[in-house]
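If you want the building blocks of each chain, they are given just below.
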Amino acid sequence: MTGRFDRSVSMLAWAYNEEALIGAFLDKALAVLEEAVSDYELIVVDDGSTDRTNEIAQARARLNPRLRVITNERNMNIGPSFKRALAAAQKEFVFWQTVDWSYDLSHLRLFLELLKHFDVIIGVRPVPIRLLSYIPVIRSIYRVRSRSDNFRKALVSLGNYYLIRILYRMDFHDFQNVHFYQTASLQGLALDGESSFLAPEMMAKMLERGCRFLEVPIPFVPRAMGQGKGTHLLSILRSVRDIWKLWFRWGWRFRLRPKMPRRQIWRVSEPFFLDEEVLRLSIPLFKYFRYYRSRVAS
């Protein structure tokens, strides 16, 4: 795999009172995109910030036409901000990243290439490859140390994960991470959620369409400064509200349907099921499983 990705890509982000991070984020995001993709755009939604977030973002946008800034007149939360960014996307493929750069995109070029083989690429936080790691509860114990900024946030994240997995019967190893989609397929979905539940909602609706998923290891990167807002009480309550509201509206059907075909979801952590070309592309990702194995064992 040489050269930059030969298809167009939209990267989405949203920010609320992130003046300490927004400048560095924009510089890094544009540099990463420039290295990996020939035709790209970066769309950032300022979610009604009351600090200098919008001022800094607009100044960067005047210097780089590939950066587009959308401004919410008031704080609207993750869901509406994401929907505005998605509706504005004009490129063939789309993915997102948090302003605190929570997820490692060192292999962005590789993830994009894998979109030529699968409908959706799903990032999952790596788990050490051991026999016990295939037992769901034990797997979660391994995941706590590398899942979030601290133990409390990790427990909130795992609680959210198991609630969704049990209620919606989706056999994914992560729901809240970086995802890569065909832009038109996402823009064609009727999205009901107004919180971080949008990510699993999209996964559920793409499963119903019969799409093929590949899980790739994308490690969590702890926040270096500023304050994360995803585990604030109000954010948690909004997410739980969406989980239950949409389960009663349509999610209960997932519990009644026959078990999901196994081969809708492939995983880099299960290389024996991958075809030769995908396996060849995925080889650089195996290092994450070695790293996390030694980290957890230490």
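Right above here is the structure, for reference.
Here the residue numbers are simple positions, counted from 1 along each chain's written sequence. Totals for whole chains, interfaces and linings use all residues, but because this is a predicted model, local features are given only for residues with pLDDT of at least 70 and pairs of side-chain atoms are given and counted only at 80 or more. Note: side-chain values were computed over all heavy atoms of the structure, leaving out hydrogens and water.

A.B. asks: Explain the pairing of strand β4 (residues 93–96) here, please?
C.D. replies: Two faces, one strand: in a regular strand the side chains alternate between the faces of the sheet. By the alternation rule, side chains of β4 split into Phe 93 and Phe 95 and Val 94 and Trp 96, which are all buried. DSSP bridges decide pairing: two strands pair if at least two such bridges lie between them. Helix and strand assignments come from DSSP, with helices taken as H or I runs of at least 4 residues and strands as E runs of at least 2, each series counted from the N terminus. Taken together, the four bridges between strand β1 (residues 9–15) and β4 define a ladder with parallel strand orientation. Looking at β4, one finds that Ser 10 is bridged to Val 94. As defined by bridge partners, β4 adjoins strand β6 (residues 179–182) across three bridges and the pair is classed as antiparallel. Opposite Val 94, over in β6, you have Tyr 181 as the bridge partner. Exposure categories follow from relative accessible area, calculated using a 1.4 Å probe and restricted to protein chains: below 20% of the type maximum is buried, above 50% is exposed, and the middle band is partly exposed.

A.B. asks: When you look at the pairing of strand β3 (residues 67–71) in this model, what are you seeing that I'm missing?
C.D. replies: As paired elements, strand β2 (residues 40–46) and β3 share five bridges and run parallel to each other. Looking at the pairing, Asp 46 lines up with Thr 71 of β3. Crossovers are marked right-handed if the path from the first strand over the helix to the second runs clockwise, as seen with the strands pointing away from the viewer. Crossover β2 to β3 through helix α2 (residues 53–63) is right-handed.

A.B. asks: Which parts of the structure should I look at to understand a nonpolar patch on the surface?
C.D. replies: A cluster of nonpolar side chains, contributed by Val 240, Trp 244 and Phe 248, occupies part of the molecular surface with about 290 Å² of accessible area. As for its position among the elements, Val 240 is in helix α9 (residues 233–256). Like-charged residues are merged into a patch within 9 Å and nonpolar side chains (Val, Leu, Ile, Met, Phe, Trp, Tyr) within 5 Å, provided each residue has over 30% relative accessible area and no salt bridge. All accessibility values rest on the Shrake-Rupley procedure with a 1.4 Å probe; residue burial counts only the protein chains present in the view. Only one rule defines a salt bridge in this text: a Lys or Arg side-chain nitrogen within 4 Å of an Asp or Glu carboxyl oxygen.

A.B. asks: How should the packing of aromatic side chains be read in this particular structure?
C.D. replies: The geometry of an aromatic ring pair is captured by the separation of the ring centres together with the interplanar angle, meaning the angle of the planes. Here the aromatic set is Phe, Tyr and Trp, taking the six-membered ring for Trp, and pairing holds for ring centres within 6.5 Å; pairs whose planes are under 30 degrees apart are stacked, those over 60 apart are edge-to-face, and all others are tilted. Evaluated as defined, the whole model comprises 18 aromatic pairs. Arranged with centres 6.1 Å apart and planes meeting at 75°, the rings of Tyr 103 and Phe 220 form a pair that is edge-to-face. Of the two residues, Tyr 103 is situated in the loop between β4 and α4 (108–114) and Phe 220 in the loop between β7 (213–217) and α9; the sequence distance between them amounts to 117 residues. For the pair shown, Tyr 103 and Phe 220 are each scored as buried. Taken together, the ring pairs connect Tyr 161, Tyr 162, Phe 172, Phe 175 and Phe 213 into an aromatic cluster.

A.B. asks: Just checking my understanding: could you explain the environment of Val 99 for this structure?
C.D. replies: Along the chain, the position of Val 99 falls in the loop between β4 and α4. Once the C-alpha coordinates of Val 99 and Leu 12 are considered, the two residues, 87 residues apart in sequence, prove to be 9.9 Å apart.

A.B. asks: Would you mind going over the packing of helix α8 (residues 198–208) against α9 with me for this structure?
C.D. replies: Any two packed helices are characterised by how steeply their axes cross, that is the angle between the axes, and by the distance between the axes. At a minimum axis distance of 11 Å, the contact between α8 and α9 shows a crossing angle of 40°. In terms of their interaxial angle, α8 and α9 are classed as oblique. Note on packing geometry: the crossing formed by α8 with α9 is left-handed. For the pair α8 and α9, contact is made by Glu 201, Ala 204, Lys 205 and Glu 208 and by Leu 246, Trp 250, Arg 253 and Phe 254, respectively. Residues are grouped as follows: nonpolar covers Ala, Val, Leu, Ile, Met, Phe, Trp, Tyr, Cys and Pro; charged covers Asp, Glu, Lys and Arg; every other residue, Gly included, is treated as polar. Here the residues of the contact of α8 with α9 are counted per class, giving four nonpolar, no polar and four charged. All axes here are fitted lines through C-alpha atoms, helices being fitted over the stretch that makes contact, and every angle between N-to-C directions spans 0 to 180 degrees. Should an angle fall under 35 degrees it is taken as roughly parallel, and over 145 as roughly antiparallel, whereas 65 to 115 is taken as roughly perpendicular and any remaining angle as oblique. The hand of a helix crossing depends on one turn: near helix anticlockwise from the far one by less than a right angle means left-handed, and clockwise means right-handed. Should any heavy atoms of two residues lie within 4.5 Å, those residues are counted as being in contact.

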